[in-house]
Amino acid sequence: MGTSVAVCLVFIGCCSNVVFLELLVREFPGSGNIITFTQFLFIALEGLIFESNFGRKKPAIPIRNYVFMVTMFFAVSVINNYSLNFNIAMPLHMIFRSGSLIANMILGIIILKKRYSPSKYLSIGLISFGIFICTIMSAKQVNMASEGSEDQGVHAFMHWLVGIAMLTFALLMSARMGIFQETLYKEYGKHSKEALFYNHCLPLPGFLLLFSDIYNHGVLFSQTTPVAVPVVGLSVPIMWLYLLGNTITQYVCIRGVFILTTECTSLTVTLVVTLRKFLSLIFSILYFQNPFTTWHWVGTAVVFLGTLLYTEVWNSVRAALGRPDAKEKKAA
């Protein structure tokens, strides 16, 4: 599969996934656990068949390393989805998760003793400032939306702060997982598809701790309005169809990113994923009419400006535009 196909998979899969996710959490804000479980189960079954050959293929990276990485991956996925139950709007959720570069740089400095160029520090400053603006504006919206007594307003704001704390923790945990994965790849080589399978297969027993919540939401999903499926000729509750759409599009998105990592540079992958997040954000705001002020737009623009600066896309574009001039000089 070529690079263009991979880019299409990322944009179509990830943007569609955001739509289905918002349709689910708008109706049932606490449905993060059943969403995560379904995604993990689907990707694990696919990997069991096509990657591990029903367990007959020996992993290139020792299982004990995967257990440590999977623990972090499971925590990040569950916490990110569950944070939507704490007055966290989908646009803020996407903007906040765009701050992964900040967490990666901070932990890279602390753990790997890395040092970065001034432009990298500037880009991280811009991303931090943009997220700060969006977070403050969202906090004001939470206060304005809290009707009733002052105690109710304080309770709503504290509830929202818990969601922000969860997003922050998940962001740092995700960065730590990325660093650990980077060290594994240096030692054992890149095995992205294998890692994808074990990251989704090994955590499945952990969902037993969340069984009651998953079961309860399954019952709630079954009680929603049934919709006729044309080809099958059956009526299925609409929330189950949304969940199926979310699961399939999540797989398409992850698959597209995997293909990109094997065929493109990390700069290209980062740029594609960043543009995808931006389009998903705009679609979420316009289609679902999520509240988004002028300051939110300013913060969003600053976040993506900082991300593009971090990936040094300007230097790449300048170099690409400069090549014809270089050839003309040589010809002269």
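Residues numbered from 1 in each chain as written. Predicted model: local features only at pLDDT ≥ 70, side-chain atom pairs only at ≥ 80, totals over all residues. Heavy atoms only, no water.

The name given to the protein chain in an unreviewed UniProt entry is Solute carrier family 35 member B4, with the source organism recorded as Takifugu flavidus. Here the protein chain is described in UniProt, under the heading Subcellular location (unreviewed entry), as follows: "Endomembrane system". Here the protein chain is described in UniProt, under the heading Sequence similarities (unreviewed entry), as follows: "Belongs to the nucleotide-sugar transporter family. SLC35B subfamily." (UniProt positions renumbered as here; feature names shortened; annotations may be inferred.)

Interaxial distance between helix α3 (residues 63–82) and helix α8 (residues 192–201) falls to 9 Å at its minimum, and their mutual angle equals 65 degrees. Taken as a pair, α3 and α8 cross one another with a handedness that is right-handed. Of the residues in α8, those touching α3 at Ile63, Tyr66, Met69, Val70 and Phe73 are Glu194, Ala195, Tyr198, Asn199 and His200. (Axes fitted to C-alpha atoms, helices over the stretch in contact; angles between N-to-C directions. Helix = DSSP H or I, 4+ residues; strand = E, 2+ residues; numbered from the N terminus. Left-handed = near helix turned anticlockwise from the far one by under 90°. Contact = heavy atoms within 4.5 Å.)

A separate point is the pattern of salt bridges. A side chain of one charge can pair with a side chain of the opposite charge if their charged atoms are brought near each other. Evaluation of the coordinates by the stated rule reveals 2 salt bridges. Lys57 is the salt-bridge partner of Glu51, the closest N and O atoms lying 3.0 Å from each other. (Salt bridge = Lys/Arg side-chain N within 4 Å of Asp/Glu carboxyl O.)

Okay, the packing of aromatic side chains next. Under the definition given, this model contains 14 aromatic pairs. Taken together, a centroid distance of 6.1 Å and an interplanar angle of 20 degrees make the contact between Phe211 and Tyr215 stacked. Pair noted here: Phe211 and Tyr215 are both in helix α9 (residues 211–222), with a separation of 4 residues, about one helical turn. Judged on exposure class, the residue Phe211 and its partner Tyr215 are both exposed. Taking the centre distance of 5.6 Å and the plane angle of 80 degrees together, the rings of Phe221 and Trp240 count as edge-to-face. Here Phe221 is found in helix α9, whereas its partner Trp240 is found in helix α10 (residues 238–263), with 19 residues between them in sequence. (Phe/Tyr/Trp six-rings, centres within 6.5 Å; stacked < 30°, edge-to-face > 60°. Buried < 20%, exposed > 50% of the residue type's maximum accessible area, 1.4 Å probe, protein only.)

Sheet analysis places strand β1 (residues 226–229) next to strand β2 (residues 234–237), joined by 4 bridges and oriented antiparallel. Looking at the pairing, Val229 lines up with Leu234 of β2. Between β1 and β2, which pair antiparallel one after the other, the connecting turn spans 4 residues, and Gly233 there sits at a positive phi close to 80 degrees. (Pairing = 2+ DSSP bridges.)

Along the chain, the position of Val10 falls in helix α1 (residues 3–27). Along the chain, Val10 and Thr249 lie 239 residues apart, while their C-alpha atoms are 9.3 Å from each other. Leaving out residues up to four positions away in the same chain, Val10 has contacts with Cys15, Cys253, Gly256, Val257, Leu260, Val272 and Arg276.

What follows concerns helix α2 (residues 32–50). Side chains of residues three or four places apart in an α-helix project in the same direction, reflecting 3.6 residues per turn. Given a rise of 1.5 Å per residue, 19 residues ought to cover 27 Å, and the 27 Å separating the end C-alpha atoms of α2 matches this to within 8%. When α2 is considered as a whole, its buried residues turn out to be Gly32, Asn33, Ile34, Ile35, Thr36, Gln39, Phe40, Ile43, Ala44, Glu46 and Gly47. (Expected span 1.5 Å × (residues − 1).)

Moving on to the confidence of the model for the protein chain. Looking at the protein chain, pLDDT values average 81 and 85% of them are 70 or higher. Mean pLDDT per element in the protein chain: helix α13 (residues 313–331) is the minimum at 56, and α9 is the maximum at 95. Confidence drops under pLDDT 50 across residues 325–332; counting only partners more than four residues distant or on other chains, this segment forms 0 contacts. (pLDDT = per-residue confidence, 0-100.)

A few words on unusual backbone geometry. For Asn53, which is not glycine, the phi dihedral falls at a positive 55 degrees. Checked against the element boundaries, Asn53 lands in the loop between α2 and α3. Of note, the phi angle at Phe54 is positive, near 60 degrees, even though the residue is not glycine. One can find Phe54 in the loop between α2 and α3.

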